[in-house]
Amino acid sequence: KPVDEDHLLDVLSSAVENRSLQQSIEKLPNESTVDDLEFKAAFEHLPTQDPTMLRLFHQAETLAEGNLNIFISGERGSGKKSLARAIHNARGNKGGLCKVLDCTNHTPDEFSGVLFGRAKDWSGISEEIPGALSEASGGTLFINNIEHMSPAVQLRLNHVLHTGEYYRDNSTEILQADVRFIVSSTHDLTSSQFRESFSRDLLYHVMVNSLQIPPLRERPDDIPILAQYFLDEENRQNNKK
């Protein structure tokens, strides 16, 4: 309060759209095949015959249509980045990039500039960085291992999710973010372990639409399928048989 009428209408509209998509997901059949997917080619890098994975693909495809922010959970190596790219491609990619950031690849101090960008400071010494939000404009920004994001960056990201506005480091100019956020973690961020280190506000914002990838040990029938897929990829890249 006081209520901003335009913002309130945007929030309500988003809630209605989200509920509609959730109802569509609830109506998905328990058993389906890859051929039932509308954007089958988007998921070709995730070969599977597991019913749980196929239902997950249908859920991802439904969420992709709404251009909503998505949270992906799963163990390390389970295919979170591949699923994020599939969601990006299933939205009918309109030319925007799928930009990938990993919070573990940067120090907390430098990650802010990598994500939001950085303007030259008054001395002109600092190099200007466009930032991932700018580079992914019109597309998808996938942030992996979000549990390693510093509290300060969490606060700024939460503001972007609420308002669509951000500013680069060393700048006060307000910019508009035009990206779909997909974030992921290998951990349960709702657990007590992250109660102090991870923003509850940001958590509830990103976890509205959640997808969980089951570990490979729970779908052993996919092992020979994946083995053949990786073998074919190696043959193709190295011109071998």
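My aim in this report is to walk through the structure given alongside it, one point at a time.

Here is what the cut-offs are and how they apply
Residues numbered from 1 in each chain as written. Predicted model: local features only at pLDDT ≥ 70, side-chain atom pairs only at ≥ 80, totals over all residues. Heavy atoms only, no water. Helix = DSSP H or I, 4+ residues; strand = E, 2+ residues; numbered from the N terminus. Patch = residues over 30% accessible without salt bridge, like charges linked within 9 Å, V, L, I, M, F, W, Y side chains within 5 Å. Areas by Shrake-Rupley, 256 points an atom, 1.4 Å probe, with all protein chains shown as cover. Salt bridge = Lys/Arg side-chain N within 4 Å of Asp/Glu carboxyl O. Lys, Arg positive; Asp, Glu negative; His and termini not counted. Charge placed at Lys NZ, Arg CZ, Asp CG, Glu CD. Disulfide = S-S within 2.5 Å. Buried < 20%, exposed > 50% of the residue type's maximum accessible area, 1.4 Å probe, protein only. Core = buried A, V, L, I, M, F, W, Y, C linked by side-chain atoms within 4.5 Å. Pairing = 2+ DSSP bridges.

## Notes on unusual backbone geometry
Thought 1: For N145, which is not glycine, the phi torsion reads 55° and is therefore positive.
Thought 2: One can find N145 in the loop between strand 3 (140-144) and helix 6 (151-163).
Thought 3: Of note in this structure, N170 is not a glycine but carries a positive phi near 70°.
Thought 4: Turning to its location among the elements, N170 is positioned in the loop between strand 4 (165-166) and strand 5 (175-176).

## Let's talk about a negative patch on the surface
Thought 1: A cluster of acidic side chains, namely D4, E5, D6 and D10, defines a negative patch on the protein surface.
Thought 2: Mapped onto the secondary structure, D10 falls in helix 1 (residues 5-26).

## Quick word on the state of the cysteines
In a disulfide, the sulfur atoms of two cysteines are covalently bonded to one another.
Thought 1: Counting across every chain of the model gives zero disulfides.
Thought 2: C103 supplies the cysteine sulfur nearest to C98, a cysteine that is in no disulfide, at a spacing of 15 Å.
Thought 3: Assessed through its relative accessible area of 15%, C98 is described here as buried.
Thought 4: You can call C103 buried: its relative accessible area is 4%.

## Examining the nonpolar core
Taken as a class, soluble globular proteins show a tendency for nonpolar side chains to be buried jointly.
Thought 1: L115, L141, I143 and F181 are the most contacted members of the largest nonpolar core, which has 27 residues in total.
Thought 2: Broken down by secondary-structure element, the contributors of at least two residues to this core are helix 4 (108-116), helix 5 (132-135), strand 3, helix 6, strand 6 (180-185) and helix 7 (200-206).
Thought 3: With 22 residues, the next largest nonpolar core counts L56, I70, I72 and A90 among its residues.

## Thoughts on the pairing of strand 6
Thought 1: Here strand 6 lies mainly inside the structure; six of its six residues are buried.
Thought 2: A two-sided burial pattern is seen for strand 6, the buried positions comprising R180, I182 and S184 on one face and F181, V183 and S185 on the other.
Thought 3: Pairing analysis gives four bridges linking strand 1 (residues 70-73) to strand 6, with the strands arranged parallel. Across the sheet, S73 pairs through a bridge with S185, a residue of strand 6.
Thought 4: Across four bridges, the pairing between strand 3 and strand 6 is parallel. Within strand 6, the position partnered with F142 by the bridge is I182.

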